[in-house]
Amino acid sequence: MIYVFRLGCIVCCSVLLTLSVSGQEATISRYDHESSQRLLDREITDIVRDQQGFLWIGSEDGLTRFDGERFEQFKKTYPEGRRISGMNIERILPRPDGKLVLQYSYDDRILDIFDPVTFQNSPIVPTVAGEISDIRLDPAQGEVIVMISRPGNTGVFYLDKRDSLQMRYRLKHADFSAVSFSPTQQSDWIVFDHGEIVEYDKQGNRKRSLQAPALNGLNYSRERFVEFIHEINGGDCVFSFEAVPGLFMLRRDSDELYEIRDIIPGEYWTHVWKDRNGNRLLYAGSSFRPKQKLFFWHEQAQQFQDVSSWLTSKNQVKCIYGENFYEGFAIGYTNGFDVMHLLSDKFRRYLMQKVSPGEWGTSIRGIWQDEKRNTYVAREINNWFRISETGKVDTLEIFKPENPFEFDFKCSRNLLKAEPYLIGSAHFGDNTYGIFLYDASNEHTRVLPIPNHVQHMFQSRDTIWIACGEMEEEGDVYTLDLNTLELNPFRDQKGEDPFTEDLLLTIEEVRPDVLWIGCREGLYQVNVKTREVTYFNAGSPEPYDFFDTWIMDIHRHSCGKILIGYRSAGFEVIDLDRGTSRQYTIHDGLANDNVAFFVEDTTQAVWIGTFGGLSKFDLAEEKFVNFYESDGLPHNEFNRYAKYHAGNEIWMGTVNGVMAFDPYALMEESHPPKILLSSVKYFDKSGVTVRYHGSFSKPIPLSIPAANRSLEVAFHLDNFLSSRQDQYEYRIGRTPDSEWQPLGVEDELVLNYLPVGRYPISIRGLDKYGNLSTNEIRFDLRVHQFLYESAWFYVLISLLLLGLFFVIIRGWFQQKFRLFQVRQDISRDLHDE
């Protein structure tokens, strides 16, 4: 019998099973102290997440905030606003009120209450004698418990809402100290430095004391000889000891500690972490064993899985944080940290091999599916395969051993289904090529020799058109009549072979009875009825002026437009009715400029397999969404001709395996992201730079002075993805005319010469699937203006000018009046005389 973890109890199983995490593997975003945005120190001691969504990383040199892109550091030696009390952070506890409690390994007489919103730090120095030996979060009441101990006396305290230490209980004992504290729902476990492990109730009454068999004969010189005490069933506990392999069980109704023998024997367990769903990660990595291991306990399935391959560092794991391990977690090492994401199970992958990055494995060149949903896959060399609807893979015997000729199966490509045959092509000897017709009912293969290297086969009604060619030789087109199985070369109106280009690569019917055959430098247009052939290349008139590069695939979209995929030039969308074309490359968002093929789903979205990832293209909105190996692809490089679409499922082949996915389920996101406000930078009235770090749950009021009308905002989505495909946009104003302005992948908004007035600014994000962030960052701006820019200033100036004009006119009239009076007086005097 073996014992395994579960959230309610330990259950017995007859055999130890392994289970993949829903078929998932891990992809890692690596961050270490060598990056340009440095961590404070190589050794990571603790990782937590605050209520806003930021990761907080403790290290030997201080505290770091991480938003998925930027690092903000806090140290003992930094100025106010970035200062904490100690250097060697041992533990970070997030309190229910959102603040963080920091414990230091060497500064054992001080705690910090750190506000992750305002960056304000409040040190707590206990007045009682002793050292702060441990702090923990009580799972029963949610309080931060602080244990202070000295020889002969130990006090257990809790932090109240005023950040004061309140006594829970005090223990008096012999001349030894308590070294660690592990609270459970019902009890408190305290480990003392002389080796005793004692259980107390929440009032400090002694319940049990352990004299563990595992400790007999061991002379411990280290203080923390108990690695962890982990509650699993409201009182049942699992113990792990340093230098003692295995796990040990203590039932809540027993005083006997005994070893769980058959779970995973011989490992030195040092850490255990649990997510909110009861899943656990167990780590075996001790100085007593050079090889470290990581195991995943699946709570729902009640099974273990060895996931040691997820560990990217040979250094020891120090801490893990994750709310849901199925979605991913952050892992801290003695030399950096990783943000680990589990590959999506939305891609079903088959026939993969373990290869180094950039190398090929099982290269797939053709895919087809029958009415029973059996999928047939052509490997480039050696084999064809059949994958059942349930995922079972069988190797097909295309040629049985009793074949009369020597068979060298290579360059296999193309698969088509024409009852009763599965039709493909390959070499079956040096400079010998053939069309293979495989009958699955009797496993018999018929070979139709063909003089040239087959590149692509395209079925149009009862005819298969075959494009052939090799470098430095003229190309050929053949037709295979499915009724008579006759293979004939195509000839034009003059009875000649019109294909002088050496590589004919792909065929598509762009209009009824009109074929386009892509080649190395342009394409041929073939009228099937009249046998008229026209060649177009870079020198032809628009829109037939195709690039001087290989045409890898041609696709007629359901809207009538034609997509041309190139080698090294992205792809073109051609509108034959309007005579226009538009090119798209990596600069427009395409994953890679080497296009292997197109697949259109029922929503008219186009899935583009490239040599560097998979792109989903919205033809109407001209938007891309990209996927890579980090998202679950078997390989980033796709192969020509290896595509198939049936119903709600798309199959694609790569240079290392084949995959299937539902395009609708792939774009669904169960947990839309949240946008984080990393920083706000602006100027106050005196011209001093202000950095805003407050909460952004409500609109943020900002008063921008006239002299510095600028604003810088940094933000990021909290999904911590490394693909850099998140998009952002902003809006100024709330009216319908205030449209969202795209920022692309830029996670900073810089606005200069802000317009004067009062108005809002909003910022939101979109993940790679197009899901909007669940929140927006909002600012209520009041942008001031200089006095001389205001309307009142001009009104005042106008009034002053009017007043001045009035004074001048009035003086002028008064002067005229006085002159008139003088003249009157003179005239009167003369009259009197």
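Residues numbered from 1 in each chain as written. Predicted model: local features only at pLDDT ≥ 70, side-chain atom pairs only at ≥ 80, totals over all residues. Heavy atoms only, no water.

Colleague: Any chance you could explain the overall build of the chain here in plain terms?
Modeller: Secondary structure summary: the chain contains two helices and 67 strands in total. Here the chain holds 833 residues, and 54% of them are scored as buried. When the accessible surface of the chain is split by element, carbon and sulfur atoms take 47% of a total near 38,900 Å². (Helix = DSSP H or I, 4+ residues; strand = E, 2+ residues; numbered from the N terminus. Buried < 20%, exposed > 50% of the residue type's maximum accessible area, 1.4 Å probe, protein only. Areas by Shrake-Rupley, 256 points an atom, 1.4 Å probe, with all protein chains shown as cover.)

Colleague: Is there a simple way to explain unusual backbone geometry in this structure?
Modeller: Most peptide bonds take the trans configuration, and most residues that are not glycine carry a negative phi. Of the consecutive residues glutamate 419 and proline 420, the connecting peptide bond is found in the cis state with omega at 0°. By secondary structure assignment, the location of proline 420 is in the loop between strand E36 (410–418) and strand E37 (421–429). Geometrically, the link from glutamate 542 to proline 543 is a cis peptide bond, its omega value of -5° lying close to zero. Looking at where proline 543 falls in the secondary structure, it is placed in the loop between strand E47 (533–536) and strand E48 (551–556). The phi dihedral of arginine 531 falls on the positive side, at around 60°, and the residue is not glycine. Topologically, arginine 531 is positioned in the loop between strand E46 (522–527) and E47.

Colleague: Got a minute to help me understand the pattern of salt bridges in this structure?
Modeller: A side chain of one charge can pair with a side chain of the opposite charge if their charged atoms are brought near each other. Here the structure, examined in full by the defined rule, presents 44 salt bridges. Two residues, aspartate 138 and arginine 168, come together in a salt bridge whose shortest N-O distance is 2.9 Å. Residue aspartate 138 is found in the loop between strand E12 (131–137) and strand E13 (144–150), and its partner arginine 168 is found in strand E15 (residues 165–172); the two are separated by 30 residues along the sequence. An identical accessibility class is assigned to aspartate 138 and arginine 168; each is buried. We note a salt bridge from arginine 764 to glutamate 729, for which the minimum N-O separation is 2.5 Å. Residue arginine 764 is found in strand E66 (residues 757–766), and its partner glutamate 729 is found in strand E63 (residues 727–732); the two are separated by 35 residues along the sequence. Glutamate 729 shares its class with arginine 764; the two are buried. One salt-bridge network, in which partners are shared between bridges, spans Asp138, Glu143, Arg168, Asp188 and Lys202. (Salt bridge = Lys/Arg side-chain N within 4 Å of Asp/Glu carboxyl O.)

Colleague: How should the environment of aspartate 497 be read in this particular structure?
Modeller: With respect to the helices and strands, the residue aspartate 497 is situated in the loop between strand E43 (486–489) and strand E44 (504–511). Looking at aspartate 497, the relative accessible area reads 23%, which means it is partly exposed. With 36 residues separating them in the primary sequence, aspartate 497 and valine 533 have C-alpha atoms 10.0 Å apart. Apart from residues no more than four positions distant in its own chain, aspartate 497 is found in contact with Gly475, Asp476 and Arg491. In terms of polar contacts, aspartate 497 uses its side chain to reach the backbone amide nitrogen of phenylalanine 499, at 3.1 Å. (Contact = heavy atoms within 4.5 Å. Polar contact = N/O pair within 3.5 Å; in protein donor to acceptor, adjacent residues only side chain to side chain.)

Colleague: Just to check I follow, could you spell out the sheet that holds strand E19 (residues 206–210) for this structure?
Modeller: Backbone-to-backbone hydrogen bonds pair the strands of a sheet. The strands run either parallel or antiparallel. The antiparallel open sheet is built from four strands, whose spatial order is E16-E17-E18-E19. The strands lining the two open edges of the sheet, one partner per strand, are strand E16 (178–183) and E19. Strand-to-strand, the axes of this sheet are offset by a mean angle of 20°, without reference to chain direction. Judged from the four bridges that link them, strand E18 (residues 197–201) and E19 form a sheet pairing that is antiparallel. Across the sheet, the residue bridging to tyrosine 200 is arginine 206, located in E19. (Pairing = 2+ DSSP bridges. Axes fitted to C-alpha atoms, helices over the stretch in contact; angles between N-to-C directions.)

Colleague: What exactly am I supposed to notice about the side chain of glutamate 196 here?
Modeller: Mapping glutamate 196 onto the fold places it in the loop between strand E17 (187–192) and E18. At 2.7 Å, the side chain of glutamate 196 and the side chain of serine 209 are in polar contact. What glutamate 196 contacts, discounting residues up to four positions off in sequence, is Phe176, Ile190, Val191, Arg206, Ser209 and Phe225.

Colleague: Any chance you could explain the sheet that holds strand E14 (residues 153–159) here in plain terms?
Modeller: If you trace the four strands from one edge of the open sheet to the other, you get E12-E13-E14-E15, paired in antiparallel fashion. The open sheet has two edge strands, E12 and E15, and neither has a second partner. If you compare each strand with its neighbour and ignore which way they point, the axes differ by 20° on average. Bridge count for E12 against E13 is six bridges, and the pairing is antiparallel. Looking across to E13, one finds that isoleucine 135 is bridged to valine 146.

Colleague: Quick question: what am I supposed to make of the pairing of strand E11 (residues 121–124) here?
Modeller: If a strand is regular, its side chains alternate between the two faces of the sheet. The pairing of strand E10 (residues 111–114) with E11 spans four bridges and is classified as antiparallel. The residue bridging aspartate 112 from the neighbouring strand is proline 123, located in E11. Between E10 and the antiparallel strand that follows it, E11, lie six residues; phenylalanine 119 among them carries a positive phi value of about 65°.

Colleague: Any chance you could explain the pairing of E66 here in plain terms?
Modeller: With eight of 10 residues buried, E66 lies mostly within the body of the structure. Sheet topology places E63 next to E66; six bridges connect them, and they run antiparallel. Opposite tyrosine 730, over in E66, you have isoleucine 763 as the bridge partner. Taken together, the seven bridges between E66 and strand E67 (residues 777–783) define a ladder with antiparallel strand orientation. Note on E67: the bridge partner recorded for isoleucine 761 is phenylalanine 779.

Colleague: When you look at the nonpolar core in this model, what are you seeing that I'm missing?
Modeller: For soluble globular proteins, the rule of thumb is that nonpolar side chains tend to be buried together. Ranked by internal contacts, the top residues of the largest apolar core, which has 25 residues, are Phe779 and Leu781. Every element with two or more residues in this core is listed here: strand E59 (675–683), strand E61 (700–704), strand E62 (710–717), E63, strand E65 (748–752), E66 and E67. Residues Phe597, Ile650, Met667 and Tyr769 belong to the second largest nonpolar core, which totals 18 residues. (Core = buried A, V, L, I, M, F, W, Y, C linked by side-chain atoms within 4.5 Å.)

Colleague: Honestly, the packing of aromatic side chains in this entry has me stumped. Any pointers?
Modeller: Each pair of aromatic rings is reported with the distance of its centres and the angle of its planes. In total, this model carries 46 aromatic pairs according to the counting rule given. An aromatic cluster of at least three residues, connected via ring pairs, comprises Phe296, Trp310, Phe325, Tyr326 and Phe329. Directly above the aromatic system of tryptophan 550 lies the positively charged group of arginine 567, at a separation of 4.3 Å from the ring centroid. Cation over ring: arginine 582 sits above tyrosine 584, and NZ or CZ is 4.2 Å from the ring centre. (Phe/Tyr/Trp six-rings, centres within 6.5 Å; stacked < 30°, edge-to-face > 60°. Lys NZ or Arg CZ within 6 Å of the ring centre and 35° of its normal.)

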